[in-house]
Amino acid sequence: MNNIKEAFLSIYQRPPEVICFAPGRVNLIGEHTDYNGGHVFPCAVDMGITCAASPRRDRVFRFYSQNFIDDGIREYRAVNLARQGCWADYPVGVIRAFAAFGYLLADGADFYFCGDLPDGAGLSSSAALEVATGTALKALFDVPVTPQEIAAIGQFAENRFIGVKCGIMDQFASAMGRRGCAVLLNSATLKYEYAPIGDAATVIVNSGVKHSLASSAYNLRRQECKTALSALGAHTLCELTPDEFEENKNKITDPICRKRARHVIYENKRAIDAASALKSGDLALFGRLMNLSHASLRDDYEVSCAELDFLADSAQSIDGVYGSRMTGGGFGGCTVTLLKRGGEESFIEKIKTAYRDRFGTTPEAYAVTAADGAAVVENVRQK
Ligand code: GLA
């Protein structure tokens, strides 16, 4: 905390007035369902982005990130918040989205960010950046915005300003996470409930494959789902049960779009079933659903890659593991593995060795715990 204050001071020659933190997330199950009216089951993690900020009096916004020092201080004027093609476009998108949601900001501000989420690893560093910015703006300018709205604002910024047509899951988990719990979120109604993860450990393994393809392929998947949806004549894909899908699937003439819809509809059911399994303490069932989710993402949704398949397969055969799957948008990034508590260290050692033997590099692995959503850590504003 002192570090970020000193860092802010050395960049901007004055102290920060607000410090806040927004976590990244890992999705346990329910992948690519959140833009199809389905359920997701993520939790916030104890890694994320810390933001220090102070208001300005000249309608200028400045941004500095310890993770992109070569970019230096990026400056935008409130009268022209156009994209500059760098990381700071994300917080700027949030500022624009505040206005679109009817929240006018009194003035400009200086921001300093630092984070420990690996970039491009599918742990939602961009959502954490958006939610950290929203949380800081709320505190700096006393904006009466709720954490749920901050999540929606982050998604809006990414959809409209950055151009990735993401769903609400990542921002929602970052804003609304709860310690020790995963959040079962219905993306159609935004109704949610917390489910204690209980007696299992969660390990994330980073394949190191950067999901650079992700935004174009992600938008393409959305398009394919839309095609399937119009063939089915439904309102959202996840309105359909797997049985209804089986009865109607031949209406989708394109076999690719049919596979995409099959993944989405079965995955929605798996997410709901997994949440019930967790509630009743049936971790074995939860794990099996995770494994099925991975297979479906690999075969039907085609968003996995050889490295993720290897990590999930290897993990599934290690003692004490309930289940393992790729997590997030895909095309690289991380797997998430649920395993017996106490087995984390030996699991990490085994999976690292297996991966190194196969691909020649040692992956990063983190035992994570479910964390609270974004919060203001310190506020010394001079009102
Ligand atoms: C990305 C998006 C989310 C979600 C996942 C896939 O993380 O930001 O909204 O669609 O991919 O489940």
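Quantities reported herein were computed from a predicted structural model and do not represent experimental measurements.

**Here's the deal with a negative patch on the surface**
Stage number 1. Where like charges cluster on the molecular surface, the negative patch consists of Glu239, Asp243, Glu244 and Glu247.
Stage number 2. Relative to the assigned elements, Asp243 resides in helix H7 (residues 242-248).
Stage number 3. With a relative accessible area of 57%, Asp243 lands in the exposed category.

**Looking at the sheet that holds strand S10 (residues 321-326)**
Stage number 1. Taken in spatial order, the 4 strands line up as S10-S11-S9-S12 in an open sheet, and their pairing is antiparallel. Among the strands making up the open sheet, the edge pair consists of S10 and strand S12 (364-368). Along the sheet, successive strands turn relative to each other by an average axial angle of 20°, direction set aside.
Stage number 2. Pairing analysis gives 5 bridges linking strand S9 (residues 200-206) to S12, with the strands arranged antiparallel. Its bridge partner being in S12, Ile204 is matched across the sheet by Tyr366.
Stage number 3. Running at roughly 175° to S10, helix H10 (residues 306-316) makes contact with S9, S10 and strand S11 (334-340) of the sheet.

**Observations concerning the side chain of Asn27**
Stage number 1. Of note, Asn27 is situated in strand S1 (residues 18-27).
Stage number 2. Polar side-chain contacts of Asn27 include one of 2.9 Å to the backbone oxygen of Gly30.
Stage number 3. Setting aside anything within four residues of it in sequence, one finds Asn27 in contact with Val40, Phe41, Pro42, Met169, Arg325, Thr327 and Val336.

**Observations concerning the pattern of salt bridges**
Stage number 1. Per the stated rule, a full pass over the model turns up 21 salt bridges.
Stage number 2. Its salt-bridge partner being Asp110, residue Arg14 comes within 3.0 Å of it at the nearest N-O pair. Here the residue Arg14 occupies a position in the loop between helix H1 (2-12) and S1, and Asp110 occupies one in strand S6 (residues 109-115), the gap between them amounting to 96 residues.
Stage number 3. A residue is classified by how much of its surface remains accessible, and Arg14, at 24% relative accessible area, is partly exposed.
Stage number 4. Residues Asp58 and Arg56 are paired through a salt bridge, measuring 2.7 Å at the closest nitrogen-oxygen approach.
Stage number 5. A relative accessible area of 34% places Asp58 in the partly exposed class.
Stage number 6. Overall, the relative accessible area of 16% leaves Arg56 in the buried class.
Stage number 7. Put simply, Arg14, Arg56, Asp58, Arg62 and Asp110 are held in one network by salt bridges that share partners.

**Topic: the site of the ligand**
Stage number 1. The environment of the ligand is formed by Arg25, Glu31, His32, Asp34, Tyr35, Cys166, Gly167, Met169, Asp170, Tyr218 and Gly329.
Stage number 2. Measuring from an oxygen atom of the ligand, one finds a backbone N or O atom of Gly329 at 3.5 Å.
Stage number 3. Residue composition of the shell around the ligand, grouped by class: 4 nonpolar, 3 polar and 4 charged.

**Some details on the sheet that holds strand S7 (residues 181-186)**
Stage number 1. Spatial ordering of the open sheet is given by S2-S7-S8, a layout of 3 strands whose pairing is antiparallel. In this open sheet, the two edge strands, each paired with only one partner strand, are strand S2 (39-40) and strand S8 (192-196).
Stage number 2. Relative to S7, S2 is paired through 2 bridges, and the arrangement is antiparallel. If you follow His39 over to S7, its bridge partner there is Asn186.

**Here we look at helix H4 (residues 147-162)**
Stage number 1. For H4, which comprises 16 residues, the first-to-last C-alpha distance of 21 Å matches the rise-based estimate of 22 Å (1.5 Å per residue) to within 8%.
Stage number 2. In this structure, the buried residues of H4 make contact with helix H2 (89-100), helix H3 (125-141) and helix H5 (169-176).
Stage number 3. Looking at the residues trailing H4, positive phi occurs at Gly163, about 100°.

**Quick word on the domain arrangement of the protein chain**
Stage number 1. In terms of domain boundaries, the protein chain breaks down into domain 1 (2-193 + 371-382) and domain 2 (197-368).
Stage number 2. The interface is formed by 36 residues belonging to domain 1 together with 45 residues belonging to domain 2.
Stage number 3. Both faces considered, domain 1 and domain 2 share a buried interface measuring about 3000 Å² in area, 65% of it formed by carbon and sulfur atoms.
Stage number 4. Connecting domain 1 to domain 2 are 2 salt bridges.
Stage number 5. A salt bridge links Arg325 to Glu31; its shortest N-O distance comes to 2.6 Å.
Stage number 6. For the pair domain 1 and domain 2, the interface holds 19 residue pairs in polar contact (both at pLDDT 80 or more).
Stage number 7. Elements that contribute at least two residues to the side of domain 1 that touches domain 2 include exactly S1, strand S3 (42-55) and S7.
Stage number 8. Top contributing element to the side of domain 1 that touches domain 2 by residue count: S3, with 4 residues.
Stage number 9. Among the residues forming the side of domain 1 that touches domain 2, the class breakdown is 16 nonpolar, 13 polar and 7 charged.

Analysis parameters
- Residues numbered from 1 in each chain as written.
- Predicted model: local features only at pLDDT ≥ 70, side-chain atom pairs only at ≥ 80, totals over all residues.
- Heavy atoms only, no water.
- Patch = residues over 30% accessible without salt bridge, like charges linked within 9 Å, V, L, I, M, F, W, Y side chains within 5 Å.
- Areas by Shrake-Rupley, 256 points an atom, 1.4 Å probe, with all protein chains shown as cover.
- Salt bridge = Lys/Arg side-chain N within 4 Å of Asp/Glu carboxyl O.
- Lys, Arg positive; Asp, Glu negative; His and termini not counted.
- Charge placed at Lys NZ, Arg CZ, Asp CG, Glu CD.
- Helix = DSSP H or I, 4+ residues; strand = E, 2+ residues; numbered from the N terminus.
- Buried < 20%, exposed > 50% of the residue type's maximum accessible area, 1.4 Å probe, protein only.
- Pairing = 2+ DSSP bridges.
- Axes fitted to C-alpha atoms, helices over the stretch in contact; angles between N-to-C directions.
- Contact = heavy atoms within 4.5 Å.
- Polar contact = N/O pair within 3.5 Å; in protein donor to acceptor, adjacent residues only side chain to side chain.
- Near = heavy atom within 4 Å.
- Nonpolar A, V, L, I, M, F, W, Y, C, P; charged D, E, K, R; others polar.
- Expected span 1.5 Å × (residues − 1).
- Domains from an automatic or database assignment.
- Buried area = accessible area lost by both parts, 1.4 Å probe.

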